Amino acid sequence: MSSFSLFILAALLIAGGIAGFFLRKDLLTMLLSSEVALSGANLLLLVFASQASPTEAQAAVLAILTVAAAEVAVALAALAVVIREKGKATEDIVSEMKG
Amino acid sequence: MIQKQIPWYNPPVMLNLAFWVLFLIILGGLGIFLFSRREERSVVSLAAVFSALGGVFALMGYTFLGAIYLLIYAGAVVVAFLMVAWLVSGRSQGGRSLRWAFVFVFLSLTLELGLILTYSHLTFKKAQAPALKLGSFFLQNYLYVFELTSLLILTAVISSLVLIRREK
């Protein structure tokens, strides 16, 4: 398990997340894609920091994890509201919405 | 000590092998996630991706983070996504194959958590205990950040409850 293979894994996760975000039309999968990309970024952070300051990197990843969990809670609630109001949650429906 | 008991036990080779198995699981999960048309299938495949990623963290030496990743991401977050996926699809429990996939993912999560805990127990040194170091690091250097994140979670919970509430 070299750093290079970990880089490749992180790159795959980030690329998969970005691809999913732009290829899929439903909001749930778009949100999931952003989580995948975020996981790749977390992995990259840990790989870069493993030589210098592993504890600080772990703390940063833990903080990111908390923020991501909070974001998921709010986003899923918003998604549930959109589904309740419109019947489905796709990119087009959200583009039609006005504040 | 373990090496004496098990002659074929070779930590670097086994770690490499475990990493490549997890790498393949992540690759397969990502493929299913990207190309599956059903939301539930995408979510269940991502449970496998996140749990395998937790395993990779544990293999890198971040056992505590790996366990947390497994519990929070592959456990709580993915289950919340699955609930919304069921809401989107209109099916109450998904298909039969999906139910089996869910059981399989649940069992593999439990097994992986057990493996991480065993690995952590075998390589445990009290002076370098990750949770102990992380806890003291947070409380000594980033106490305000720690408190702010708890406030953020509280705000997120309240705001999601307000969002989901039906107006009379």
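Novice: Before we move on, can you summarise the overall build of chain B with the specific residues and values?
Specialist: If you tally the helices and strands in chain B, you get seven helices and zero strands. The buried share of chain B, taken over its 168 residues, is 33%. Across chain B, the fraction of contacts at a sequence separation of at least 24, relative to all contacts at a separation of at least 6, is 63%.

Novice: Explain the overall build of chain A to me, and be specific about the residues and the numbers.
Specialist: Scanning chain A for helices and strands turns up four helices and zero strands. The C-alpha atoms of chain A give a radius of gyration of 16 Å, which is well past the 13 Å a tight globule of 99 residues would have. The buried share of chain A, taken over its 99 residues, is 36%. In chain A, of all internal contacts separated by at least 6 residues, the share reaching a separation of at least 24 is 48%.

Novice: Outline the interface of chain B and chain A, supporting the account with residue identities and numerical values.
Specialist: Tallying the contact residues gives 46 residues for chain B and 39 residues for chain A. Taken together, the elements giving at least two residues each to the side of chain B that touches chain A come down to helix H2 (11-35), helix H3 (39-59), helix H4 (63-89), helix H6 (130-141) and helix H7 (143-164) of chain B. Partitioning the side of chain B that touches chain A into residue classes produces 39 nonpolar, five polar and two charged.

Novice: Give me the environment of Glu40(B): which residues, what numbers.
Specialist: As for its position among the elements, Glu40(B) is in helix H3. Linking Glu40(B) and Val84(B), residues 44 residues apart in sequence, is a C-alpha distance of 9.1 Å.

Novice: Any details on the environment of Glu71(A)? Residues and values, ideally.
Specialist: All names here are of chain A. Along the chain, Glu71 falls in helix H3 (residues 54-86). The exposure class assigned to Glu71 is partly exposed, which follows from the 16 C-beta atoms found within 10 Å. Along the sequence, Glu71 and Leu31 sit 40 residues apart, while their C-alpha atoms lie 9.9 Å from each other.

Novice: Before we move on, could you go through the environment of Thr29(A) and cite the residues and values that matter?
Specialist: Mapped onto the fold, Thr29(A) is located in helix H2 (residues 27-49). Not counting residues up to four positions away in its chain, the partners in contact with Thr29(A) are Gly20(A), Arg24(A), Glu39(B) and Ser42(B).

Novice: Run through the packing of H3(A) against H7(B), naming residues and quoting values.
Specialist: Relative to each other, H3(A) and H7(B) sit at 5 degrees, their axes nearing to 8 Å. Taken together, the axes of H3(A) and H7(B) lie roughly parallel to each other. In this structure, H3(A) contributes Ala63(A), Thr66(A), Val67(A), Ala70(A), Ala73(A), Val74(A), Ala77(A), Ala78(A), Ala80(A) and Val81(A) to the contact, and H7(B) contributes Val145(B), Thr149(B), Leu152(B), Ile153(B), Ala156(B), Val157(B), Ser159(B), Ser160(B), Leu163(B) and Ile164(B). Residue classes in the contact of H3(A) with H7(B) are distributed as 16 nonpolar, four polar and no charged.

Novice: Any details on the packing of helix H1 (residues 3-23) of chain A against H2(A)? Residues and values, ideally.
Specialist: Residue and element names in this part refer to chain A. Contact geometry of H1 with H2 gives a least axis separation of 7 Å together with a crossing angle of 160 degrees. Classified by the interaxial angle, the pair formed by H1 and H2 is roughly antiparallel. With respect to the hand of their crossing, H1 and H2 are arranged in left-handed fashion. Residues Ser3, Leu6, Phe7, Leu9, Ala10, Leu13, Ile14, Gly16, Gly17, Ile18, Gly20 and Phe21 of H1 touch H2, and the partners they reach there are Thr29, Met30, Ser33, Ser34, Val36, Ala37, Ser39, Gly40, Ala41, Leu43, Leu44 and Val47. Looking at side-chain class alone, the contact of H1 with H2 contains 15 nonpolar, nine polar and no charged residues.

Novice: Before we move on, could you go through the nonpolar core and cite the residues and values that matter?
Specialist: By size, the foremost hydrophobic cluster in this structure holds 64 residues, and its most contacted members are Val49(B) and Val78(B). Looking at this core, the elements that each hand over two or more residues are H1, H2 and H3 of chain A together with H2, H3, H4 and helix H5 (96-122) of chain B. Considering every element that reaches this core, the biggest residue donor is H4(B), with 14 residues.

Novice: I'd like a rundown of the confidence of the model for chain B, residues and numbers included.
Specialist: All names here are of chain B. Looking at chain B, pLDDT values average 78 and 79% of them are 70 or higher. Looking across chain B, the model is least confident in helix H1 (residues 2-5), with a mean pLDDT of 54, and most confident in H7, with 87. For this predicted complex, the interface confidence reaches an ipTM of 0.86, while the overall pTM sits at 0.81.

Basis of the calculations
Residues numbered from 1 in each chain as written. Chains lettered and ligands numbered in written order. Predicted model: local features only at pLDDT ≥ 70, side-chain atom pairs only at ≥ 80, totals over all residues. Helix = DSSP H or I, 4+ residues; strand = E, 2+ residues; numbered from the N terminus. Buried ≥ 20, exposed ≤ 12 C-beta atoms within 10 Å, placed from the backbone. Contact = placed C-beta atoms within 7 Å. Rg over C-alpha atoms; globule rule 2.2 N^0.38 Å. Nonpolar A, V, L, I, M, F, W, Y, C, P; charged D, E, K, R; others polar. Axes fitted to C-alpha atoms, helices over the stretch in contact; angles between N-to-C directions. Parallel < 35°, antiparallel > 145°, perpendicular 65-115°, else oblique. Left-handed = near helix turned anticlockwise from the far one by under 90°. Core = buried A, V, L, I, M, F, W, Y, C linked by C-beta atoms within 7 Å. pLDDT = per-residue confidence, 0-100.

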